[in-house]
Structure formats: C-alpha cells, structure tokens
Amino acid sequence: MEQGKQVLSGSLVYEVLTMDWKGATYRAYLKRRDLLRHYDLQPRDLRRIDPALADSFSSPCLSVRDNAILISLGGMRGIISANKAIIFEPDSRYTKKFVEIVSPRLAATSGMANLEDSTKLAGPGETAAESASKSSAETPELRAKYRQLDDKNLPFELECCEGALMVLVGQLDNELDTIEFRISKLLEKLPAKVNTENLEELRKVKSILVELENRSEQVTELLADFLEDEDDIAGMNLTSQLMKEEEQAKKGKKKPKSKKGKNAMGRASADSRYGSEKGQDNYVSADYVTIAVDDSEVENILEEAEEELEEVEDLIEYYLQRCTSIFNETETFLVGMRDMEESIGVVLSSRRFEVNRLELALSMGSFAASLGAMISGIFGMNMRNKFEMSVVGFYGTTAGILILCFCVFWFLYRYTRHKKIL
C-alpha cells in the first residue's frame, strides 16, 4: 500500500480519514470514481489534491466548488463539505496535527449545539433529557443549522479550513524559528571564522531560506487571489447554502397543489387567455402565489449575506497577514545571508591579497638572495686569486654580499610601493 492510496482489483482506492461535524473521525476506503460522482468533481480537480501526484502538483490549493472545498495546504490534502471532511494520508503528521486542532473544537461546538437542540425541541412540560429522542431524529444538516445559531462558532467548513491554515502557518513558523536559531549560531562564527564547515552550514541555511520563501510566497499569492474572487468567498460558506436549500425545500412542500391535475391547469390557462374570470381565479389559486416581502426581511437577508462574506474575508485576511509576515521575515533573513556571503567574499579577497603581498615580498627576497649566491659561486670556483689566504678578504666579501642583497631588496620594495603594487 502506498501512502494515502492503494490499488484493489484494478481500481484506484484511497485510504482516507473521515471527520464529521461532531469531530468524530474514522478511517475509510473510497474509490476515486465515487468521490468524483458524490461531490460532482472533475478529474482535474481531484488531481490537484491527489497525494499520489504530490510531486507534480506541489503548489498549494484552495478551490471552491458547488458543494465542496478542495484543499491542499502544508501537506494536508482533503475535501471539505458542509458536514463532513475527507482527509487523505491519515498517517501523516500534518493530518494528525489537523485532527488535534479541529476535532476538540468541533466536539465542543457540537456539545453546545446538542444542548441548544434539546432546549428548543423540549415542550412546555419536557426536559432536555426527554427531548433527546426528538433531537436524535434530526438530520445532520439540521444539526449543522442549529449549530450555526451561535455567532461565536464558525461553520464546519470554515473550522476545517482554519485548521488547515493553522497547520500550514504553524509549520512555516516552526521552520522559521528553527532557521532563525541556526542563523544566530552561524553569525557567532562568521565572518570571523571562515572555514569549510561554516561555509557549508551557510549554504544549507540559504537553501532552506530560499525554499521557505518560495512556499510562503505561493501561499500568500493563493490567499490574495482568493480574496479578490467574490464568487469563491460567497461559495465558501457551504452550511449557509445547505440551510437555504432546506428552506426552499420546505417552502416547496407547503405550496398549494391543484386538485384537478393537469387538465384543470390547462383549462385555467385557456380561460385566462380569453379573460374568463373563473379561469383566472383557478389559475392564480392553483399555481402562482404572490408573496410580499417586507423591507426589514430584505435587509436581514442582505445583512446575513454580508456577515457571511465578512466572516470568510476576516478568516482569509488574518492568515494572509500571517503568511505575508513570514514571507517578509524570510526575505529579510535571505537578504542578510546574501550580505553575509558578500562579506565573506570580501574577507577572502583580503586574505588572498595578503597572500599575494607575501608572495611578492618573498619573490623579491629570493631574487636578492640569488644575486648573493651568484657572487658566492664565483668565489667558490677552483681558481687562484689574492683573497684565498686573506682573512680580511673573506669577511669583506661576505659583508659586501649581504649589503648587496639588502640594497637590491630595498630597491625592489620601494619600487613596488611607489607603483602601488605592494
């Protein structure tokens, strides 16, 4: 079995972790075509969050579809709906961290929602315990609806998205703290102690900073583009859409139906064409009902829609600022590392210059000494001269050789200083 998937009987099956709106989790094996059919997704949508294609699609993803949110942030990949989340790679540390963050919050929220449900379902003489049987008959969608009555609690899908963003931002923060500690240790050694070990550590730190900068930049661009798309922001609140669909379904059940069937409807419409008063009455009472909406109700609807947009915008804006801060800090550290490399290059150039000066001085000294050796070689030939038996001649010749070597070296030194070579 590969991580996050396995092949059974020639069909691709994913091993996933399913989380419901209460925070309960369990493992499951889901087929690829079932996921596409259930959430009405295209194959290209699933490829963006497929763990088997993580190398090909390594960029972060936060896509909103009609009834699901596709998410791939910080190693956490999954599909989020209004009351259930499907998470790939259940054994990864990112998934475990996500469950540790989201599951307790959902459990606490569902506990409060159950209490509210019991209180609302209880009759005049009933208690919350007696109405538990009534609440158990409620659908998960209705429980999610009750759960959103408390303004302090986020919808299920936003809780999951926030949990994924918390995992991502926490991961970036931890990497930034770790690299900051390594940089502080490195600054204690460089540029004073330039050696192979410190230069190798500098190279590793710089490569990590470049990778961290690219990742934080990708997430920042993703969240910034998401905030600019009003359709994605409006479609991200899946719970609100589910509630509206339930309300529309209830209203549809309450609409009056014609007792005479299709023939009566046809006769009513035919009579209405000729201005028949009786046909018009039947037509109106059977099919079309005019509903008057108060201005206050319209304002409430607009306020609710605006609050939903602000809720999503505030969530995305907060983590956008966090990611932007991490990106700016990473960029600052990276600029500092580049300045450090330039400083080390200056130090190494200075050392090479000192070595070149020493080599030049040694070359001048060697040239002066070679002149003395030449004179010594002349006197060392097996030929008779007047200085062989003279003690004064020996010391005089030796002193002359030394003075000559010093004069030659001094001349070369003054010449190189005058030409600014040394």
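Residues numbered from 1 in each chain as written. Predicted model: local features only at pLDDT ≥ 70, side-chain atom pairs only at ≥ 80, totals over all residues. Heavy atoms only, no water.

K.L.:
Explain the overall build of the chain to me, please; I cannot follow it from the model alone.
P.N.:
A count of helices and strands for the chain gives 13 helices and seven strands. Counting only residues that meet the buried cut, the chain has 35% of its 422 residues in that class. Counting contacts in the chain only where the partners sit at least 6 residues apart, residues at least 24 apart contribute 67% of the total. Total accessible area on the chain is roughly 26,000 Å²; 54% of this is exposed by carbon and sulfur atoms. (Helix = DSSP H or I, 4+ residues; strand = E, 2+ residues; numbered from the N terminus. Buried < 20%, exposed > 50% of the residue type's maximum accessible area, 1.4 Å probe, protein only. Contact = heavy atoms within 4.5 Å. Areas by Shrake-Rupley, 256 points an atom, 1.4 Å probe, with all protein chains shown as cover.)

K.L.:
In this structure, what is going on with the layout of surface pockets? I would like to understand it.
P.N.:
Its boundaries defined by the atoms lining it, the second largest pocket holds a volume of some 430 Å³. Lining of the second largest pocket is provided by 19 residues; of these, Ser58, Gly74, Gly75, Arg77 and Arg215 occupy positions nearest its centre. For the lining of the second largest pocket, the elements supplying multiple residues, two or more each, are strand 5 (69-73), helix 6 (156-187) and helix 7 (196-228). When residues in the lining of the second largest pocket are grouped by element, the largest group, five residues, is from helix 7. Its residues assigned to classes, the lining of the second largest pocket shows six nonpolar, eight polar and five charged. (1 Å grid on protein atoms, 1.4 Å probe; cavity = no way out; pocket = protein on both sides within 12 Å on 5 of 7 lines; lining within 4 Å. Points joined across faces, edges and corners; volume = space filled by probe spheres on them. Nonpolar A, V, L, I, M, F, W, Y, C, P; charged D, E, K, R; others polar.)

K.L.:
What should I look at first to understand a nonpolar patch on the surface in this one?
P.N.:
Judged by side-chain polarity, Val391, Phe394 and Tyr395 come together as a nonpolar surface patch covering roughly 370 Å² of accessible area. Counting through the fold element by element, Val391 comes out in helix 13 (residues 391-418). The exposure class assigned to Val391 is exposed, which follows from its relative accessible area of 56%. (Patch = residues over 30% accessible without salt bridge, like charges linked within 9 Å, V, L, I, M, F, W, Y side chains within 5 Å. Salt bridge = Lys/Arg side-chain N within 4 Å of Asp/Glu carboxyl O.)

K.L.:
Could you clarify how one ought to interpret the packing of aromatic side chains in this entry?
P.N.:
Within the structure shown, the criterion is met by four aromatic pairs. On the numbers, 5.1 Å between centres and 70° between planes, the contact of Tyr14 with Phe88 is edge-to-face. You can see Tyr14 sitting in strand 2 (residues 11-20) and its partner Phe88 sitting in strand 7 (residues 84-88), a full 74 residues away along the chain. Given a relative accessible area of 0%, Tyr14 falls into the buried group. (Phe/Tyr/Trp six-rings, centres within 6.5 Å; stacked < 30°, edge-to-face > 60°.)

K.L.:
Mind showing me how you'd approach the pattern of salt bridges here?
P.N.:
Opposite charge on two side chains makes pairing possible when the charged atoms of those side chains draw close. Summed over all chains, the structure comprises twelve salt bridges. Across the salt bridge formed by Arg32 and Asp50, the nearest N and O atoms sit 3.5 Å from each other. Of the two residues, Arg32 is situated in helix 1 (residues 32-38) and Asp50 in the loop between helix 2 (43-47) and strand 4 (61-64); the sequence distance between them amounts to 18 residues. Asp50 shares its class with Arg32; the two are buried. Each member of the salt-bridge network shares a partner with another, and the members are Glu15, Arg27 and Asp91.

K.L.:
Is there a simple way to think about the confidence of the model for the chain in this case?
P.N.:
Model confidence for the chain is summarised by a mean pLDDT of 75, while 68% of its residues fall at 70 or above. Throughout residues 115-151 the model reports pLDDT below 50, and contacts reaching past four residues in sequence, or to other chains, amount to 51 contacts. (pLDDT = per-residue confidence, 0-100.)

K.L.:
I tried to follow the pairing of strand 5 on my own but got confused; where do I start?
P.N.:
On any regular strand, side chains alternate: one points to one face of the sheet, the next to the other face. By the criterion of burial, strand 5 is predominantly enclosed, with five of the five residues buried. The alternating pattern of strand 5 places Ile69, Ile71 and Leu73 and Leu70 and Ser72 on opposite faces, both of which are buried. Counted between consecutive antiparallel strands, the loop separating strand 4 from strand 5 contains four residues. Both strand 5 and strand 6 (residues 76-80) contribute to a ladder of five bridges, which runs antiparallel. Paired with Ser72 across the strands is Arg77, a residue of strand 6. Turn length for the strand 5-strand 6 hairpin, with the two strands adjacent in sequence and antiparallel, is two residues, and the turn residue Gly74 shows positive phi of about 60°. (Pairing = 2+ DSSP bridges.)

K.L.:
Is there a simple way to think about the side chain of Thr220 in this case?
P.N.:
Considering the arrangement of structural elements, one finds Thr220 in helix 7. Apart from the residues lying within four places of it in its own chain, the contact partners of Thr220 are Leu320, Cys323, Thr324 and Phe327.

K.L.:
Explain a negative patch on the surface here, please?
P.N.:
On the surface, Glu230, Asp231, Glu306, Glu307, Glu310, Glu313, Asp314 and Glu317 cluster together into a negatively charged patch. Elements supplying a minimum of two residues to the negative patch: helix 8 (230-235) and helix 12 (295-379). Here the negative patch takes six residues from helix 12, the largest share from any one element. You can see Asp314 is positioned in helix 12. Given a relative accessible area of 51%, Asp314 falls into the exposed group. (Lys, Arg positive; Asp, Glu negative; His and termini not counted. Charge placed at Lys NZ, Arg CZ, Asp CG, Glu CD.)

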